[in-house]
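Topology and contacts: notes
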Amino acid sequence: MEKFIIDGGNPLKGEVSLCGAKNSGFKLLIAALYSNEPSTLHNFSKIGDVLTTAAVIKELGGQVSFGENHVLQVSGKNLTKQNLSQESGQLSRASTYFVGPLIHRFGKAVIPNPGGCQIGRRPIDRHLEGLKALGAQIKEFPDHYEILAKRLKGGYFAFPKNTHGGTDIMIISAACAEGKTILENVAQEPEVDDLIAFLNQMGGKVSRVEPRTIVVRGVDELKPADYTVMYDRNEAVTFACAALATKGDVFVLHAEEKYLGAFLEAVRKVGGGYQIDRRGIRFYYQGQLRATDIVTQPYPGFMTDWMGLWSILMTQAKGESIVHETVFENRFAFVNELKKMEAKIELFNPRVDNPEAIYNFNLEDDQPQYFHAARIIGPTELEATTEEITDVRAGASLILASLIAKGKSELLGVEHVERGYENLDGRLRLLGAKIARKKL
Ligand code: EPU
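The present account deals with the structure reproduced in this document. The model shown is predicted, which means the values in this text are computed figures rather than measured ones.

Here helix α1 (residues 22-31) lies mainly inside the structure; ten of its ten residues are buried. Restricting attention to buried positions, one finds in α1 the residues K22, N23, S24, G25, F26, K27, L28, L29, I30 and A31.

What follows is the structure in structure tokens.
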């Protein structure tokens, strides 16, 4: 176990390159299991979520080998097990992603309840209903599900509410189903399209025919592919917020305007500077930031994954900002830590006229102790302190807070950050951050 020690107050300056997208890489690994021959994936981040997925694949008998320069190979050859262990379910959200390839091979998949970040209950009801529409029979046990089908059959499914993971799982599962599947009210996240492009390169027939409708024509088998994972847009926002909050100037290589629309609009409103060119986007401080409200939404809205970083940025903006989280029901764990740093931030529940339409989580998963919005007053000089990281984005947010704060902060829970960012501390150091690691 390690901790970060951060001496804050340095403006970040220079150029930083993005890594492969956390929320794409792991699912391509799983989709590749349809083939017995190795697929080659480029631009892979060596992060906890990928290593965990690779470990689950190996546990099932599949093969994953990491090469140099972020290239890896994966194949479903020797996949002999259809049961994911309980332990793998605790470690990763990915268990339902395995259903398609396992059913294709064995007619059966046994999956534990998925784990992942502690940002809400994160049920999989929408995944399971979707799989039933493809003819899967689902037996529910206290800690796992048995999912059975000789072969999945094409069908029609309309998601009751947006789900990024649910959309992925249905696409992967329908890829080798018998016949055509029509999916409606699907997620529009770019990482879903990365998956579609990969499956099509494997010989799949998947197309987004309308922004929120995907048609999958099932094929009998998929072949290996050579594919480059998209760059991580959440990392782009992490470095952009770090540049603006530390009054710095950072060129983010490979950041793409088309994936960052809602963020760039917010940066414009807050008074931050940015310049787009064909290699990436430069973000720079150009004077006192202005308080700016955001409401998180599924893509193409302002991403929930950016909410914590934005909250930190708003501690440096003049006036009162409101940050309203609508995707996950409990994503403000970092606020207690931020309060210890003397941030002026209060949680509250805003009046919402039609919660069923506004909130992406199931309303029955909400609890009286959860808050869905934060009121932040700035600018505030943050004080260094010891902070506890509880999930990947909260971790990046608290690193950012410590980079702004006066004095030395200590951050426990480095492993949470490493689930989603490769060498974040090293890359921040190259931009001039004083951040070190120490064994606990
Ligand atoms: N939901 C349900 N039932 C379901 C599925 C989802 O109630 O069957 C709820 C969730 O609990 C949540 C909301 O619907 O409140 C949206 O969930 P969604 O399925 O869209 O999210 P996800 O697939 O679990 C992925 C990313 C998240 C990212 C969201 C939104 C991965 C591994 N995770 O989660 O990333 O925030 O999509 O784009 O791809 C992160 O990177 O830190 C992270 C949490």
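Take the layout of surface pockets next. Computed from the structure, the second largest pocket encloses a volume of approximately 240 Å³. Together, 18 residues line the second largest pocket, and A245, T246, K247, Q316 and I404 are the ones closest to its centre. Counted by class, the lining of the second largest pocket contains nine nonpolar, six polar and three charged residues.

Quick look at the site of the ligand now. As a matter of local geometry, the ligand sits amid 27 residues, with D125, R126, T163, D305 and V327 nearest to it. Take D305: an N or O atom from its side chain is 2.6 Å from an oxygen atom of the ligand. Elements that contribute at least two residues to the shell around the ligand include exactly α1, α5 (125-133), α6 (164-175) and α13 (392-404). Split into classes, the residues belonging to the shell around the ligand amount to nine nonpolar, eight polar and ten charged.

Right, let's get into unusual backbone geometry. Of note, the bond from Y299 into P300 is cis; its omega dihedral lies within 30 degrees of zero at 10°. Checked against the element boundaries, P300 lands in the loop between β18 (294-295) and α10 (307-314). Positive phi, normally seen in glycine, also occurs at N43, with a value near 65°. For N43, the location among the structural elements is in the loop between β3 (39-42) and α2 (48-59). In this structure, N78 is a non-glycine residue whose phi angle is positive, near 70°. Structurally, the position occupied by N78 is in the loop between β5 (72-75) and α3 (86-91).

Calculation criteria
Residues numbered from 1 in each chain as written. Predicted model: local features only at pLDDT ≥ 70, side-chain atom pairs only at ≥ 80, totals over all residues. Heavy atoms only, no water. Buried < 20%, exposed > 50% of the residue type's maximum accessible area, 1.4 Å probe, protein only. Helix = DSSP H or I, 4+ residues; strand = E, 2+ residues; numbered from the N terminus. 1 Å grid on protein atoms, 1.4 Å probe; cavity = no way out; pocket = protein on both sides within 12 Å on 5 of 7 lines; lining within 4 Å. Points joined across faces, edges and corners; volume = space filled by probe spheres on them. Nonpolar A, V, L, I, M, F, W, Y, C, P; charged D, E, K, R; others polar. Near = heavy atom within 4 Å. Polar contact = N/O pair within 3.5 Å; in protein donor to acceptor, adjacent residues only side chain to side chain.

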